[in-house]
Amino acid sequence: MEERKIMLNDAEIPRQWYNALADLPGPVNPPLHPGTGQPIRPEDMQAIFPMNLVEQEMSPERWISIPEEVLDKYLLWRPTPLRRAINFEKALGCPVRIYYKDESVSPPGSHKPNTAVAQAYYNKAYGIRRLATETGAGQWGSALAMACRMFGLDCRVYMVRVSYDQKPYRRMMMQTWGAECIPSPSDRTQAGRNILAQSPTARAASASRSARPSRTPSRARTPAIPWGACSITCLCTRRSSASRRRGSSRRSASTRTWSSAARAAGAISLA
Ligand SMILES: Cc1ncc(COP(=O)(O)O)c(C=O)c1O
């Protein structure tokens, strides 16, 4: 019988992150500051990252040791299975072996806890008590909610309103891990208040929804908010309805600048 999955045991879990930046042919272009358009400086990144994470983000080291407290959390679901896609190979009908790393075995069901757990650890170590973030479909939000719970941090997640209404299970996962989940746009941030001020329909939608218990997710399509009003919220809202029509999901450029910085922290992936 062909072996379909390769499992490492706990003792074989890698104890260092591999930093691919160390092996790239040359330095990568620095992320640009969304306000100035200039290459981001370490002190700029402190707006969203504690300095211990900024230092790691900028590190040229090939191998970075994984703190014991992080390894201890990883072992809840890692090492994850390396699976062989035998049926896909048969479908292709050519002599290749295809393997994939199954990250769906993590408690929130994606690869995102790999970085969320590390980020929560370093924030806690730096004295941060609460983390706030955004989420669209809820994968990132639920990963960070779990990680914050693991390290005793408070967590606030702004969730795109259409997902907040139509994906209550992801919202409940975040709330079960103790996170505060806020439908966005909301009157809790200046950006949200600006959007609500500009869009009477969004204001009406937020008023009616916050008045009604959110147990019954509405089927009503969230009204389109003027393009560019607030890039993250608009794109996710439009994308979700558009992607339903197209059946695809693409990540938009405008959310890249900051979240690429976030993901860069995840670029230091497990070997
Ligand atoms: C920081 C961050 N936010 C949001 C998202 C979007 O995912 P989700 O819609 O599941 O939150 C991602 C996905 O890569 C992400 O990394």
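Criteria and cut-off values
Residues numbered from 1 in each chain as written. Predicted model: local features only at pLDDT ≥ 70, side-chain atom pairs only at ≥ 80, totals over all residues. Heavy atoms only, no water. Helix = DSSP H or I, 4+ residues; strand = E, 2+ residues; numbered from the N terminus. Salt bridge = Lys/Arg side-chain N within 4 Å of Asp/Glu carboxyl O. Buried < 20%, exposed > 50% of the residue type's maximum accessible area, 1.4 Å probe, protein only. Contact = heavy atoms within 4.5 Å. Expected span 1.5 Å × (residues − 1).

Our focus in this paragraph is unusual backbone geometry. Cis geometry marks the peptide bond from R78 to P79, where omega comes out at -5°. The amide bond that connects S184 to the next residue, P185, takes the cis arrangement and shows omega of 10°. Tracing the backbone shows P185 in the loop between β8 (180-184) and α9 (190-198).

Looking now at the pattern of salt bridges. Enumeration according to the criterion identifies 11 salt bridges in this entry. With its nearest N and O atoms 2.9 Å apart, the salt bridge here joins R84 to E2. With R84 in strand β4 (residues 82-84) and E2 in the segment before β1 (5-6), the pair connects residues that are 82 residues apart, well separated along the chain. Residue classification places R84 among the buried positions, given a relative accessible area of 10%. Relative accessible area serves as the criterion here: at 45%, E2 is assigned to the partly exposed category. With its nearest N and O atoms 2.8 Å apart, the salt bridge here joins E103 to R78. Within this pair, whereas E103 is found in the loop between β5 (99-101) and α5 (113-125), its partner R78 is found in the loop between α3 (68-74) and β4, the two being separated by 25 residues in sequence. The two residues E103 and R78 agree in class, both being buried. Within this structure, E2, R84 and E89 form a network of salt bridges that share partners.

This part covers the environment of R130. Within the element layout of this structure, R130 appears in strand β6 (residues 130-135). Expressed as a C-alpha distance, the spacing of R130 and R156, which sit 26 residues apart in the sequence, is 7.7 Å. Contacts of R130, omitting those with residues within four sequence positions, involve D154, C155 and R156.

What follows is about helix α6 (residues 139-150). Three- or four-residue spacings in an α-helix give side chains the same orientation, since the helix completes a turn every 3.6 residues. With 12 residues, α6 should reach 16 Å at 1.5 Å per residue; the first-to-last C-alpha distance of 17 Å fits that figure. All of the buried residues in α6 are W140, G141, S142, A143, L144, A145, M146, A147 and C148. Residues of α6 that are buried in the fold lie against α5, β6, β7 (154-160) and α8 (168-176). At the exit of α6 stands G152, carrying a positive phi of roughly 70°.

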